[in-house]
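# Summary of structural features
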Amino acid sequence: MLHALELLWQNAPLLLDGLWATLGIAAAATFFSIIGGALLGMMRASWNNAIVQAAARAYLELFRVIPILVWLFVFFFAVPAASSLDISGTLAAVTVFSLWGASEMSDIVRGALKTIPQAQYDAGRAIGLSGAQLHLRVILPQAVRRMLPGAINLVTRIIKTTSLVVIVGVVDVVKRSQQIIERTKEPFVLYAFLLLLFFALCHPLSRLSRRLEKRFN
Amino acid sequence: MTTTANAPVLIDAACVTKFYDTRKALDNVSLAIHAKEVVVILGPSGCGKSTFLRCLNGLETVQAGSIRFHGRDLARPGTDWRPVRQRIGMVFQSYELFPHLSVRDNLLLGPVHVQKRPRAEALRQAEGLLERVGLADRLDSFPRQLSGGQKQRIAIVRALSMNPEVMLFDEVTAALDPEMVREVLDVILGLARNGMTMVIVTHEMGFARAVADRIVFMDEGRICETNTPVKFFTAPDTDRAKRFLSRFLY
């Protein structure tokens, strides 16, 4: 035990460096997912144009059925090859996780908006609220509560899935651990560390999501 | 209750026609509502009575006809409904209080954010209105803590707090437990006594008879009969109204 802690302590700078990469990608992807997902979700909930709806569904479906791994390859290898753009592993990772997160988030936003009864819109309009006031003061405050559990779950999924970035050469906390294992031949200690680390990152979020879900029901 | 036929016309709907796709929901409906008048609209489900009510404050659009209110035709496209809705209040079947807001904030949302009135003044008025409906102690409650009857009384106060000239009631007791119907109807009856102009859609026949100055009976999107409450409930002019009433009255 003491030996394990010592090993981790000695390699702390490397692990922390990897952890920042992991959290940085997750944070950036979460940020873009929220913005993109909110816009796309509101569009899907209220813009009843057949082409818009079909395009949004196709986008969502593409990120549902094609593995994230494949998307990482597409943005890291295929897109640069086809376009002569220079895309770093980190940029490819942030792009893919943002696009995936936004598609999932749009479904959460759309679902939450759809659960607000039409009569709430009527009641808001009936007291003379403008469209902006109606959304900001009546619809969104109710919808956000319903989105939170799903949105938080999505963040935990984004954090976990960042471990895939290893394959496009990003040195995240998983990659750093593997490097340390190669040098020290201590796989058990480092994988146990990763297990506890991801648990510590995701479990509180998961608990929070469940608590909120209970409270709103 | 009172003779209002000589009072000025407040809302003048003429030949209002509305389609849902190809189905005619309203067919040439003409109705003039006088100041201080209580008009009760009766009719079977789907006869267009709620739709007509919703046309009066722009929650539904009209394809033909006119709705004159203070010299403007609201049925014209491009009407800015927001100022109109501040003068024509509406109460819904399912209350539709805003569940994330306390009673206080439900009541202040319109006066403070739409009418830009000072918060303190709006709050004083809201407290006075709550007192009148017997819910003065509920200012800090949330909708989920209230019974259906209490919610509906607060929804009425929410509409009243905008100081409307007309109130529209859309089957406001239809979702209530029977023992809560009375408390809501008493509030509406009180408004009638104070001279509020009202258009009421309801299935409560006894209440309709007690509160109405005029009964309007609709079927299949048309007005079939307009009558005084006494005549309508004892000797209606049309067979359609007779058949309708025979299903309600024992």
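Residues numbered from 1 in each chain as written. Chains lettered and ligands numbered in written order. Predicted model: local features only at pLDDT ≥ 70, side-chain atom pairs only at ≥ 80, totals over all residues. Heavy atoms only, no water.

This next bit is on the confidence of the model for chain B. With 97% of its residues at a pLDDT of at least 70, chain B reaches an overall mean of 93. For this predicted complex, the interface confidence score (ipTM) comes to 0.91, while the overall pTM stands at 0.82. (pLDDT = per-residue confidence, 0-100.)

It is worth spelling out the nonpolar core at this point. Within the largest apolar cluster, 83 residues are counted, with the highest numbers of intra-cluster contacts made by F97 of chain A together with I11, I41, F52, I67, F69 and L168 of chain B. Those residues in contact with I41 of chain B that sit more than four places away from it in its chain are K49, F52, V199, I200, V201, T202, V216 and M218 of chain B. Within the second largest apolar cluster, 49 residues are counted, among which are I154, V187, I188 and A192 of chain B. (Core = buried A, V, L, I, M, F, W, Y, C linked by side-chain atoms within 4.5 Å. Buried < 20%, exposed > 50% of the residue type's maximum accessible area, 1.4 Å probe, protein only. Contact = heavy atoms within 4.5 Å.)

Backbone hydrogen bonds are what pair the strands of a sheet, in a parallel or an antiparallel way. Residues and elements named next belong to chain B. Taken in spatial order, the four strands of this open sheet run 2-1-4-5, and their pairing is antiparallel. The sheet is open, and its two edges are formed by strand 2 (23-34) and strand 5 (72-73), each paired on a single side. Of the strand pairs in this sheet, strand 1 (residues 9-20) and strand 4 (residues 64-69) are connected by five bridges, and their pairing is antiparallel. Bridged to A13 within strand 4 is I67. Sitting on the sheet, helix 1 (residues 49-56) is in contact with strand 1, strand 2 and strand 4, with an inclination near 60° to strand 2. (Pairing = 2+ DSSP bridges. Helix = DSSP H or I, 4+ residues; strand = E, 2+ residues; numbered from the N terminus. Axes fitted to C-alpha atoms, helices over the stretch in contact; angles between N-to-C directions.)

This paragraph deals with the side chain of S161 of chain B. Residues and elements named next belong to chain B. When you line up the elements, S161 lands in the loop between helix 5 (148-160) and strand 7 (166-170). For S161, a relative accessible area of 1% puts it in the buried group. In contact with S161, other than residues within four places in its own chain, are L107, P111, Q115, R117, Q125 and L129.

Moving on: the pairing of strand 3 (residues 38-42) of chain B. Residue and element names in this part refer to chain B. Of all the five residues making up strand 3, five are buried; the element is thus mostly covered by neighbouring parts of the structure. Going residue by residue along strand 3, you find V38, V40 and L42 tucked away on one face and V39 and I41 tucked away on the opposite face as well. As judged from the four bridges shared by strand 3 and strand 8 (residues 197-201), these two strands associate in the parallel manner. Residue pairing across strands places V39 opposite V199, the latter belonging to strand 8. Bridging between strand 3 and strand 9 (residues 214-219) involves four bridges; their strand directions are parallel. Following the sheet pairing, V40 is matched in strand 9 by I215.

Turning to the state of the cysteines, a few remarks are in order. Residue and element names in this part refer to chain B. Considering all chains together, one arrives at zero disulfides over all chains under this definition. As a non-bridged cysteine, C55 has C47 as the owner of its nearest cysteine sulfur, 13 Å distant. A relative accessible area of 1% means that C55 is categorised as buried. (Disulfide = S-S within 2.5 Å.)

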